[in-house]
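The chain contents come next:
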Amino acid sequence: GTAQIGVTGLAVMGRNLARNFARNGFTVAVHNRTAAKTRALVEEFGDEGSFVPAESPEEFVAALERPRRLVIMVKAGEATDAVIQEFVPLLEEGDVIIDGGNAHFADTRRRERELRERGIHFVGTGISGGEEGALHGPSIMPGGSVESYASLGPLLERIAAKAPDGAPTVAHIGPDGAGHFVKMVHNGIEYADMQLIAEAYDLLRSVAGYSPARIAETFREWNRGRLDSYLIGITAEVLAHTDAATGRPFVDVVADRAEQKGTGRWTVQIALDLGVPVSGIAEAVFARSVSGHTALREASRGLPGPVPRPLDEAEADRFAARVEQALYASKIVSYTQGFHQIAAGSEEYGWNVDLGSVAAIWRAGCIIRADFLDRIREAYDTRPGLPSLLSDRQFAEEIGGAQDDWRDVVATAAREGVPTPGFSASLAYYDALRAERLPAALTQGQRDFFGAHTYRRTDRPGAFHTLWGGDRSEVAAD
Ligand code: 6PG
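These numbers were taken from a predicted model, which means no experiment stands behind them.

A. Region of interest: the confidence of the model for the protein. Here the protein averages 97 in pLDDT, and 100% of its residues register 70 or above. Both confidence scores are given for the complex: pTM 0.97, ipTM 0.97.

Now the structure itself:
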């Protein structure tokens, strides 16, 4: 074979990824279950580079130079297993299978283990950036063996996006499921970012009384500052868009039920298993869930509550500036929680993930790309053992500077009856971490009371139990 890489599964992500490889000078074998898609790709885009169309798995595998590198771009789940089953008998020791779908990292761990036994490298790879990213440069998060990255890295570095300093946005994340785990958390953060932006929009609309067009302007302005990010940029585009059929703001004609494909939910499920408080991310997932409960919302519409009274012009502008602070502070919290989860996953599975390098490869190409990530990279590069982003001096100062306005916005939202679960949960997390004493002491007392679950003391080591049903004396419980 002559192709340096192959892509099987030519739906839009697979097709664009194949084109990206070809445009960067690689010979790309392309294959799809229905051959019509393969032919269409070569017909439409054949002049972009060198493609080798393959009609069958055998032809596809034969087209690849050895050791073979083949990228699977099919729907995550059973489809991935089916394709692996189909190709494995055709492969040889040392070949590399790359799964570029949004697989669950536990599936990736299983597949990697099974294939390793047969001498095949399985590289579960997070790819972010949507269709455009796949074509022009995504952010790429490969897991798997060091050896596989040595063979694959140079190709991925060519097709990845480039950060402002020119570095390609790809790095070997760690063994087996590490890449898909990091992609999963990326998506959890993506959900949180989107929810926080939505809350800012909601407040600007109903408390500041701004129109969607005005809010688009406000976001454009914010996007020139520290919030500079892809998601703020596209939010302005969406808000400025007018529905052609009705002439109304587009955002007013879209059904207000947010859908999801599952990666945000996984982030929270896994965070619960690992015991990592990702409350901001969790609220973002729940906010989508609430929005989708049409009957429940219908049944609750008559519940009493305030109707926000829009502020006057000058007040509105001052309020908008405070919302920017609340958004920024809450964003710091989401990333703090997300990076905590990556650190915890890395610890649990022995992945040794470099958090600075994760921040570095999220600086371009991916959906959460933002200026801000360069400073996260710097924070972790300077202090790899940083216990939390909030313990970085610069982030601590920034969040400290924002906190008065942040509190004001959360209080205003509560008073005016505008739901801001992301802002509120993030602020509660911040205050919980700051607290000298938490009411968890009382929780321990309650647990000991009803279940003799024991507690520890502040003044001496050991576990204790109070005889609540007896004379209430304390006994050692070890
Ligand atoms: C990306 C995205 C992508 C994800 C979509 C949709 O990084 O390119 O995260 O992988 O599939 O954002 O996610 P939901 O349908 O769950 O919103």
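Once you've had a look at it, read on.
B. A look at the pairing of strand β3 (residues 50-54). Summarising the sheet, strand β2 (residues 27-31) and β3 pair through five bridges and their orientation is parallel. Opposite V28, over in β3, you have F51 as the bridge partner. Where the polypeptide runs from β2 across helix α2 (residues 35-45) and back to β3, its parallel neighbour, the crossover connection is right-handed.

C. Inspection of the packing of aromatic side chains at higher detail. Under the definition given, this model contains 16 aromatic pairs. Each ring, one from Y328 and one from F372, has its centre 5.9 Å from the other, and the planes form 75°; the classification is edge-to-face. Of this pair, Y328 sits in helix α15 (residues 313-349) while F372 sits in helix α17 (residues 372-382), placing them 44 residues apart in sequence. You can call Y328 buried: its relative accessible area is 0%. On the accessibility criterion, F372 (2% relative accessible area) is buried.

D. A look at the packing of helix α8 (residues 178-206) against helix α12 (residues 263-274). Between α8 and α12, whose axes approach to 8 Å, the crossing angle comes to 110°. As the angle between them shows, α8 and α12 are arranged roughly perpendicular. Residue-level inspection shows F181, M184, V185, N187, G188 and Y191 of α8 in contact with α12, the latter providing T263, G264, W266, T267, I270 and L274. For the contact of α8 with α12, a count of residues per class yields seven nonpolar, five polar and no charged.

E. Fine view of the site of the ligand. Taken together, the neighbourhood of the ligand is formed by 14 residues, with S128, K183, E190, Y191 and K261 sitting nearest. Contact between the ligand and E190: an oxygen atom at 2.6 Å from a side-chain N or O atom of the residue. Protein chains shield 80% of the accessible area of the ligand, which is 420 Å² for the free molecule. For the shell around the ligand, the element with the highest residue contribution is α8, accounting for five residues. Of the residues in the shell around the ligand, the class split is two nonpolar, eight polar and four charged.

F. Spatial organisation of unusual backbone geometry. Along the chain, R66 connects to P67 via a cis peptide bond; the corresponding omega equals -5°. Locating P67 in the fold gives a position in the loop between α3 (57-62) and β4 (69-72). One non-glycine residue with positive phi stands out, namely N352, at about 60°. By relative accessible area, which is 71% here, N352 ends up exposed. A positive phi angle, close to 60°, is found at R472, a residue other than glycine.

G. Fine view of the sheet that holds strand β9 (residues 463-466). The strand order across the open sheet formed by three strands is β8-β9-β10, and the pairing between neighbours is antiparallel. Edge positions in the open sheet fall to β8 (455-456) and β10 (474-476), since each of these has one partner strand only. Strand direction decides the pairing type here: β9 and β10, joined by three bridges, are antiparallel. The partner of F464 across the bridge, within β10, is A476.

H. Quick look at the nonpolar core. The biggest cluster of nonpolar side chains holds 85 residues, and the ones touching the most others in it are F219, W362 and I376. When residues no more than four places from it in sequence are discounted, the contact partners of I376 are Y335, F339, A359, L389 and F395. One finds A22, I127, L152 and L155 within the second-largest nonpolar core, a separate group that totals 28 residues.

I. View of the pattern of salt bridges. The tally for this structure, following the rule as stated, stands at 35 salt bridges. In this structure, R68 and D95 form a salt bridge, with 2.7 Å as the shortest nitrogen-oxygen distance. Of the two residues, R68 is situated in the loop between α3 and β4 and D95 in the loop between α4 (78-87) and β5 (96-99); the sequence distance between them amounts to 27 residues. Taking the relative accessible area as the measure of exposure, R68 reaches 9% and is therefore buried.

J. Structural context of the sheet that holds β3. The strand order across the open sheet built from seven strands is β3-β2-β1-β4-β5-β6-β7, with neighbouring strands paired in mixed fashion. With one partner strand each, in any of the chains shown, β3 and β7 (139-142) form the two edges of the open sheet. Within the sheet, the average angular offset between the axes of one strand and its neighbour, ignoring direction, is 25°. Lying over the sheet, helix α5 (residues 105-116) contacts β5 and β6 (121-128), oriented at roughly 150° with respect to β6.

K. Representation of the environment of G385 within the structure. The residue G385 is located in the loop between α17 and α18 (393-416) in this model. In this structure, the C-alpha to C-alpha distance between G385 and L355, residues 30 residues apart in sequence, is 9.4 Å.

L. Summary view of the packing of helix α1 (residues 12-23) against helix α7 (residues 146-159). Running from amino to carboxyl end, α1 crosses α7 at an angle of 95°, the nearest separation of the two axes being 9 Å. Viewed along their axes, α1 and α7 adopt a mutual orientation that is roughly perpendicular. Between α1 and α7, the contacting residues are L17, N20 and F21 on the first element and L155, L156 and I159 on the second. When grouped by side-chain class, the residues that make up the contact of α1 with α7 number five nonpolar, one polar and no charged.

About the cut-offs
Residues numbered from 1 in each chain as written. Predicted model: local features only at pLDDT ≥ 70, side-chain atom pairs only at ≥ 80, totals over all residues. Heavy atoms only, no water. pLDDT = per-residue confidence, 0-100. Pairing = 2+ DSSP bridges. Helix = DSSP H or I, 4+ residues; strand = E, 2+ residues; numbered from the N terminus. Right-handed = clockwise from strand over helix to strand, strands pointing away. Phe/Tyr/Trp six-rings, centres within 6.5 Å; stacked < 30°, edge-to-face > 60°. Buried < 20%, exposed > 50% of the residue type's maximum accessible area, 1.4 Å probe, protein only. Axes fitted to C-alpha atoms, helices over the stretch in contact; angles between N-to-C directions. Parallel < 35°, antiparallel > 145°, perpendicular 65-115°, else oblique. Contact = heavy atoms within 4.5 Å. Nonpolar A, V, L, I, M, F, W, Y, C, P; charged D, E, K, R; others polar. Near = heavy atom within 4 Å. Polar contact = N/O pair within 3.5 Å; in protein donor to acceptor, adjacent residues only side chain to side chain. Areas by Shrake-Rupley, 256 points an atom, 1.4 Å probe, with all protein chains shown as cover. Core = buried A, V, L, I, M, F, W, Y, C linked by side-chain atoms within 4.5 Å. Salt bridge = Lys/Arg side-chain N within 4 Å of Asp/Glu carboxyl O.

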